[in-house]
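# Structural characterization, general
Each chain, letter by letter, is given below.
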Amino acid sequence: MSTEHSARGTHADARGVQGSHATNTTSQGNSPVLSFALFVLLFGLFVAGLYIMSLFTPLTFAVGTLLCILALFLTFDLVPRFLT
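A brief look at the structure comes next. Treat the numbers as computed from the prediction; the structure is a model and nothing was measured.

## Looking at the overall build of the protein chain
A count of helices and strands for the protein chain gives 3 helices and 0 strands. Listing the helices and strands of the protein chain from first to last along the sequence gives α-α-α. For the protein chain, the proportion of its 84 residues judged to be buried stands at 10%. Considering only contacts in the protein chain between residues 6 or more positions apart, those separated by 24 or more positions represent 50%.

## A short note on helix 3 (residues 58–82)
With 25 residues, helix 3 extends 35 Å between its outermost C-alpha atoms, agreeing within 8% with the 36 Å of an ideal straight helix rising 1.5 Å per residue. Of all bends in helix 3, the biggest is about 25 degrees, found at T75. All of the buried residues along helix 3 are G64, C68, A71 and L78. Turning to helix 3, the residues buried within the fold contact helix 2 (32–53).

## Here we look at a nonpolar patch on the surface
Together, F36, F39, V40, F43 and V47 make up an exposed nonpolar region whose accessible area comes to about 520 Å². Position of V47 relative to the elements: it lies in helix 2.

## What to know about the packing of helix 2 against helix 3
Between two packed helices, the angle of one axis relative to the other and the distance separating the axes together describe the packing. At a closest axis distance of 6 Å, the pairing of helix 2 and helix 3 adopts a crossing angle of 165 degrees. When the interaxial angle is binned, helix 2 and helix 3 end up roughly antiparallel. Pair helix 2 / helix 3 crosses with left-handed handedness. Residues of the contact of helix 2 with helix 3, tallied by class, amount to 18 nonpolar, 5 polar and no charged.

Conventions used here
- Residues numbered from 1 in each chain as written.
- Predicted model: local features only at pLDDT ≥ 70, side-chain atom pairs only at ≥ 80, totals over all residues.
- Heavy atoms only, no water.
- Helix = DSSP H or I, 4+ residues; strand = E, 2+ residues; numbered from the N terminus.
- Buried < 20%, exposed > 50% of the residue type's maximum accessible area, 1.4 Å probe, protein only.
- Contact = heavy atoms within 4.5 Å.
- Expected span 1.5 Å × (residues − 1).
- Bend = angle between axes of the 7 residues up to and from the residue.
- Patch = residues over 30% accessible without salt bridge, like charges linked within 9 Å, V, L, I, M, F, W, Y side chains within 5 Å.
- Areas by Shrake-Rupley, 256 points an atom, 1.4 Å probe, with all protein chains shown as cover.
- Salt bridge = Lys/Arg side-chain N within 4 Å of Asp/Glu carboxyl O.
- Axes fitted to C-alpha atoms, helices over the stretch in contact; angles between N-to-C directions.
- Parallel < 35°, antiparallel > 145°, perpendicular 65-115°, else oblique.
- Left-handed = near helix turned anticlockwise from the far one by under 90°.
- Nonpolar A, V, L, I, M, F, W, Y, C, P; charged D, E, K, R; others polar.

Okay, structure coming up:
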């Protein structure tokens, strides 16, 4: 009796899995223009922060550090929002 029950359960599970695969679709992907624009903006902001940090005064080091932190924050905040 247990083998009949497990065989029925396996068959029912297989139909459920097969049905869920039929409803999955692949996304259309991200816009190349938006991806490139975000890359240029965020990478440029990060590089600008590194350049300002290299000017070797305490104020410019602090400003450059803030720019780098802002670029990293926006990268991990904006990119998942706009590119999903």
